[in-house]
Structures are given as C-alpha cells and as structure tokens.
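Okay, here's what each chain looks like letter by letter:
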Amino acid sequence: MKLFALRVVVLLAAAYSPVEALWPQPQNIQTGSETLRLAPGFQITVVGHGVPGDLIAAVGRTKQYLFQDRLERLVVGRGAVDAPTFSKAKVLSRLTLSLAKGASFASITSEAQKAPEDRDEAYHLVVPADGSGATITANSTLGLFRGLTTFSQLWYAHDNTVYTISAPVTIQDAPAYPYRGLMLDTARNYYPVADIKRTLDAMSWVKINQFHWHIVDSQSFPLQVPGFTDLAEKGAYSSSQVYTQSDVRDIVSYAGARGIDVMVEIDTPGHTAIIAEAHPDFVACPQATPWATYANEPPAGQLRFANATVTNYVANLFSAVAKLFPSTLFSTGGDELNTNCYDIDTPTQAALNATGRTLEQALDVFTQETHRALEAKGKTPVVWEEMVLVHNVTLSKETKVLVWISSDNVKAVAQKGYKLIHAASDYFYLDCGAGGWVGNFPSGNSWCDPFKTWQHSYSFDPVANLTAEESKLVLGGQHLLWAEQSGPQNVDPIVWPRAASSAELFWSGPGGNLSTALPRLHDVAYRFRQRGVNAISLQPEWCALRPGACDLTA
C-alpha cells in the first residue's frame, strides 16, 4: 500500500501541474511555481481606440468567470492544500489587453466570420509572478479574445481567494488548424434557442470556432425563411418549434461575440421529405414504404432534382437562406442519395426521358445551378463526401468537403484536390453506441457502434496517410451530434466534455499525451459544471483527484 501511495505521488508530480489544466494546450508555455492571488478589485483594461463592444462584453464575462467559477483545484484535499501559501503570495490587480503595433480593432464577430483560412487567433499572454500587470497582446481582436479564454482557465478558488500556484506564466499560442467545429442536428429533435446558446458558450471555452447548424432534414423544417415561410408553417413540429429570423440573428450574433462562425446546412437533394408537406409535387417517393428501401431513415422522400422548376426553387431558397447567415460557408449536404426512390418515381423518369439525361447528369445540373446561386451571394459551398467520391458532379475547387463515412476516405478526397474537414463517424460521431432507435427491433444497435470515447477521438491523426501536399488541404475537423436520440434534455452530457477532445486536437495538433490530457479534461468538465453546463464525469472523483492512479497500467 505504501508503494502504491508513493507511486501516486510520483505520478502527481511528474504528469500533472496545475497550469496544465489549460484546454486546449497552448503551443508554447513556460510556467513557474509561485502562488499569485487575484486582487478583489482586479481590473481588465483594453488599450487603444475604437474598442468593439463585443470585446468589452467578453472582458465583463471573463471577470465574472474569474470570481464566480469557484473551482477548487483537483487534488486530494482540494484547495485547502494551497491555503498556506496565500499569506505570502503577491497580488495581481490588473490585466491589460492591447493590439500589436500597426493593428486596428475590429469586432470579434467580424473576425470570427471570415473564411477559416483568413482568421487570426494567435495571442501572447504574460502573467508575472511579482504582481506587476499581466498582459495579452495579439494582432487581432479575435486573438485577444482567445487569450482571455486562456487567462480565465489559469485560476482556482478556495476560501474566497482566487489564485494560481504556477506563476509566472508566459504563453505564445496559435491554432494548428483554422476550422474547429461542432455540428448539431436540430431537425430530428428541436433544441430551444437557450440550449443552443449554452452550447455556444461551452464551445467558446475550449476555442471551438465553427458551429455547423444542421437545421433541417426529412423529419422537420423549423427554419422560417423569408419568401418560403410555408416550409416552416407546414414542416415544423409545431408553431412553437421554429427558428424565426429573430432567433437566427440572435444565435448568429451570440456565436460571433464568442468567436464562433455559424455555417448553416440545407441538405439537398436527399433528406428533404418534409418539403412535400408544402410542395408535394417537388418530392419523389414521399413516405414510401418500406422506408428502408427508399431512404436511410424514415420518412422516405427526396427532391425531384431532374425537374427544372425544383432546381430553380432550391436555388432561390439557398439565396434566401444565405441572406440570414453572414458566414462565408454554406453546406448544401449531398449525402445518402437513394436512387431506388427515383426508379419508382414517374415524374422523375419522365423528366429524364424528356431531357435525355441520366440521373447523374441531372444531379450535376442541379448541383451547378444551386451552387452558382450561393456563389453569387459570396458563399463557399460545403458538401458531404459523396458529392466528390460517389457522384460525378461539377464542383468548384473552392468547395469544402466533409469526410464523414470513414476516416479511410480522407485520402481519396485529398487526391482530388479539395480542402477537407474531418468529420469521420469512426472518430467524431457523438451519437454512436447509444443502441438502435428504430422501433420493433429489440436487438438493434446504432449503425456506427461502438461509443466514441474522448480518448479515441483525441488519438486521431489528421494527416495520416497523406502526402505533405495533401496535408495542406486539411482545414481541421469537428465532432457531430445527430439527434435521433438527443434533445435539450441530454445535449450537455452527450457532448461534453467529449467534444473538447477534438477542440484540442485541432488547436494544439495531434500526438497529445493521453495520460497528461485526462487530468486537464477533468478540469474542463468540473469548470463547465461550475458555469452551468452539465458535463459528464469521466471517472470516479477519486481518480480525478489522483492523476494517473486509475490508468490501466497504474
């Protein structure tokens, strides 16, 4: 027993230090071992002219977190073990934010909504041990915001004292990849605006910068689109389960102020059965049975894209939706197209015969026309991998590709020269492992079993099997939550803290150490709960307080 206890102490000393609770791990960090307290009247000042309102608001939120998190350090004895150092500790009274020489302020929102490749999130953070002022400098307002996020993670609380035991701290940081996302499906089950906002808050705390909003699907169309309001009127689950124009503005604004861009997805031509509620003549095989013959999940129904009227309608719909979302990115989907549906659809067959086109040729025309409408609005189309690997359609080389079916398909997408986003179901699907959801199937499992642990996603290599040139095409990646068995009731525990694993993977880069990451991820979960996000526990608290003690080989 004594030998085991000694080993735990050694692990504590060697594998974990308090400042390493930072998530994602900074690219370069130097720390000390001095205790430093925050003054009760601690102030954060921004130097310069034209400071944007969303940065001022971020400063205010940061001060709230500093004094309201009340997170005690995750060690045996918690914060009480640090209390003897408080009386002699220096006191930090101010943090100053400033842009580098020659840089000028813009809003966090406007910088977050740039194309991923154009975002500048780098920052430099210095916290002296002697109580002289801490500083954050950056070339962009967005960088200052990321530095604030890191600063807020440095501190613990005990007995009304907010402190760190790792001063001085010097950090030079920037993301390895510009796209770090989370996808949420709000069509299969509806999520109120408040739950989406809470998710956005949590995303910002781990520097996730892209909200992929899968807002409509075959089951419901909750988005109110100007000029197309019949889609939500007839396609939402109820009149109270819609996203109004005001809701969209609210969510986009809330996200932007937290350094997050919102990419909307209107999946076409598959996953569109619900459009038949408003336009039955636009949809092939609506609610055909058995549904498994004509769709990947119920209800069956796909757009009659061989019809020029339908193509024109979708192009106009895309244009209208594009006006609601300032992001440069717009996902048009393109996954899971079921050709059986069109084989039995008389209008589709008649349209193909009249034009002399094959189904693939008609899909190419549909894709070109609808993407052209988006590009005219300044948007870059984003598609699921089938549009590159399965279908013979013409895509702009600016098109971004989400690789979802398998990580094994990344190489094939890269070989075609498209920039890609990792979204592989074998690593990043949060819904996997929850059991089958279709009825009358007691032995059913989820199609993408097993459950994807944080350790599994954290171990992913974004450039595996890619050449140096192909590796340059990787924009980043994201976790995804499909909502067949999820809703506002369980969104927090099913997403957090697992989704933080990809946040660090694509910020810090691959190759992170699982043993030293786990104590930091415990900290993420505990801090999230202090802030009102119901993240699950990763281990018994006994383990969380004793880093390394519950490793398989301990």
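Notes on the structure in this doc start here.

Parameters at a glance
Residues numbered from 1 in each chain as written. Predicted model: local features only at pLDDT ≥ 70, side-chain atom pairs only at ≥ 80, totals over all residues. Heavy atoms only, no water. Helix = DSSP H or I, 4+ residues; strand = E, 2+ residues; numbered from the N terminus. Rg over C-alpha atoms; globule rule 2.2 N^0.38 Å. Buried < 20%, exposed > 50% of the residue type's maximum accessible area, 1.4 Å probe, protein only. Contact = heavy atoms within 4.5 Å. Areas by Shrake-Rupley, 256 points an atom, 1.4 Å probe, with all protein chains shown as cover. Pairing = 2+ DSSP bridges. Axes fitted to C-alpha atoms, helices over the stretch in contact; angles between N-to-C directions. Core = buried A, V, L, I, M, F, W, Y, C linked by side-chain atoms within 4.5 Å. Parallel < 35°, antiparallel > 145°, perpendicular 65-115°, else oblique. Nonpolar A, V, L, I, M, F, W, Y, C, P; charged D, E, K, R; others polar. 1 Å grid on protein atoms, 1.4 Å probe; cavity = no way out; pocket = protein on both sides within 12 Å on 5 of 7 lines; lining within 4 Å. Points joined across faces, edges and corners; volume = space filled by probe spheres on them. Salt bridge = Lys/Arg side-chain N within 4 Å of Asp/Glu carboxyl O. Expected span 1.5 Å × (residues − 1). Disulfide = S-S within 2.5 Å.

As a further point, take the overall build of the chain. Summing up its helical and strand segments, the chain has 21 helices and 16 strands in all. In terms of overall size, the chain behaves like a compact globule, its C-alpha atoms giving a radius of gyration of 25 Å where 554 residues would be expected to give roughly 24 Å. Out of the 554 residues belonging to the chain, those deemed buried represent 58%. In the chain, 76% of the contacts between residues at least 6 apart in sequence involve partners at least 24 apart. For the chain, the exposed area adds up to about 21,400 Å²; of that, 51% sits on carbon and sulfur atoms.

Overall, parallel pairing links the 8 strands, which are arranged S7-S8-S9-S12-S13-S14-S15-S16 in a closed barrel. Recorded for the sheet is a direction-independent mean angle of 30 degrees between the axes of neighbouring strands. Where strand S7 (residues 179-185) lies against strand S16 (residues 474-481), 6 bridges are found, and the strand directions are parallel. Its bridge partner lying in S16, leucine 182 is registered against histidine 479.

Let's shift gears to the nonpolar core. Residues Leu223, Ile266 and Trp496 are the most contacted members of the largest nonpolar core, which totals 126 residues. Here this core takes 8 residues from helix H9 (residues 308-322), the largest share from any one element. In contact with tryptophan 496, other than residues within four places in its own chain, are Leu182, Thr199, Ala202, Met203, Val206, Ile208, Phe528, Val533, Ala535 and Ile536. Counting 36 residues, the second largest nonpolar core, distinct from the first, contains Ile108, Leu144, Leu154 and Val169.

Let us now look at the packing of helix H2 (residues 53-68) against helix H4 (residues 141-152). Where H2 contacts H4, the two axes come as close as 10 Å, and the packing angle between them is 5 degrees. By the angle between their directions, the pair H2 and H4 is classed as roughly parallel. Between H2 and H4, the contacting residues are Leu55, Ala58, Val59, Arg61, Thr62 and Leu66 on the first element and Thr141, Leu144, Phe145, Leu148, Phe151 and Ser152 on the second. In terms of residue class, the contact of H2 with H4 is made up of 8 nonpolar, 3 polar and 1 charged.

Attention now moves to the layout of surface pockets. Within this model, the largest pocket holds a volume of roughly 550 Å³. The volume enclosed by the second largest pocket comes to roughly 250 Å³. As for the second largest pocket, its lining consists of 13 residues, of which Trp454, Gln455, Leu518, Leu538 and Gln539 are closest to the centre. A per-element tally of the lining of the second largest pocket places helix H20 (residues 514-530) first, with 3 residues. Of the residues assigned to the lining of the second largest pocket, the class counts are 6 nonpolar, 5 polar and 2 charged.

With that out of the way, let us pick up helix H19 (residues 500-508). Here H19 lies mainly inside the structure; 8 of its 9 residues are buried. All of the buried residues in H19 are Ala500, Ser501, Ser502, Ala503, Glu504, Leu505, Phe506 and Trp507. Glycine 509 sits one or two residues past H19 and shows a positive phi near 100 degrees.

So, about the pattern of salt bridges. In the structure shown here, the tally under the stated rule is 22 salt bridges. Where aspartate 217 meets arginine 188, a salt bridge forms, and the shortest distance between an N and an O atom there is 3.3 Å. Highlighted residues: aspartate 217 in the loop between strand S8 (210-214) and helix H6 (230-235) and arginine 188 in the loop between S7 and helix H5 (193-205), separated in sequence by 29 residues. Of the two residues, aspartate 217 and arginine 188, neither departs from the other in class, the shared state being buried. Notably, a salt bridge pairs glutamate 297 with arginine 188, separated by 2.5 Å at the nearest N-O pair. A residue pair is termed long-range when its members are at least 10 positions apart, and glutamate 297 in the loop between helix H8 (291-294) and strand S11 (302-303) and arginine 188 in the loop between S7 and H5 qualify at 109 residues. Here glutamate 297 and arginine 188 have matching classes, each one buried. Among the charged side chains, a salt-bridge network with shared partners connects Asp185, Arg188, Asp217, Glu297 and Glu484.

Taking 1.5 Å per residue, 18 residues should reach 26 Å; helix H12 (residues 359-376) reaches 26 Å between its end C-alpha atoms and fits that length. Residues Leu359, Ala362, Leu363, Asp364, Phe366, Thr367, Thr370, His371, Ala373 and Leu374 constitute the buried set of H12. Looking at the residues trailing H12, positive phi occurs at glycine 378, about 80 degrees.

Every second residue of strand S14 (residues 400-403) is oriented toward a common face, with Lys400 and Leu402 on one face and Val401 and Val403 on the other, all of them buried. Pairing of strand S13 (residues 380-384) with S14, which is carried by 3 bridges, proceeds in the parallel orientation. Each bridged residue has a counterpart across the sheet, and for tryptophan 384 the counterpart in S14 is leucine 402. Note that S14 and strand S15 (residues 419-422) share 4 bridges and pair parallel. Each bridged residue has a counterpart across the sheet, and for leucine 402 the counterpart in S15 is isoleucine 421.

As a further point, take the state of the cysteines. One pass over the structure, following the stated rule, counts 3 disulfides. Between cysteine 432 and cysteine 448 runs a disulfide, and the two sulfur atoms are separated by 2.0 Å. Here the disulfide of cysteine 432 and cysteine 448 is left-handed, its torsion about the S-S bond being about -110 degrees. In this pair, cysteine 432 is assigned in the loop between helix H15 (425-428) and helix H16 (454-458) and cysteine 448 in the loop between H15 and H16, connecting sequence segments 16 residues apart. Like cysteine 448, cysteine 432 is buried. What pairs with cysteine 543 in a disulfide is cysteine 550, and their sulfur atoms sit 2.1 Å apart. On the sign convention where negative is left-handed, the bridge of cysteine 543 and cysteine 550, at about -75 degrees about the S-S bond, is left-handed. On the basis of relative accessibility, which here comes to 30%, the residue cysteine 550 falls in the partly exposed class. Taken N- to C-terminal, the disulfide-bonded cysteines of the chain are connected 1-2, 3-4, 5-6.

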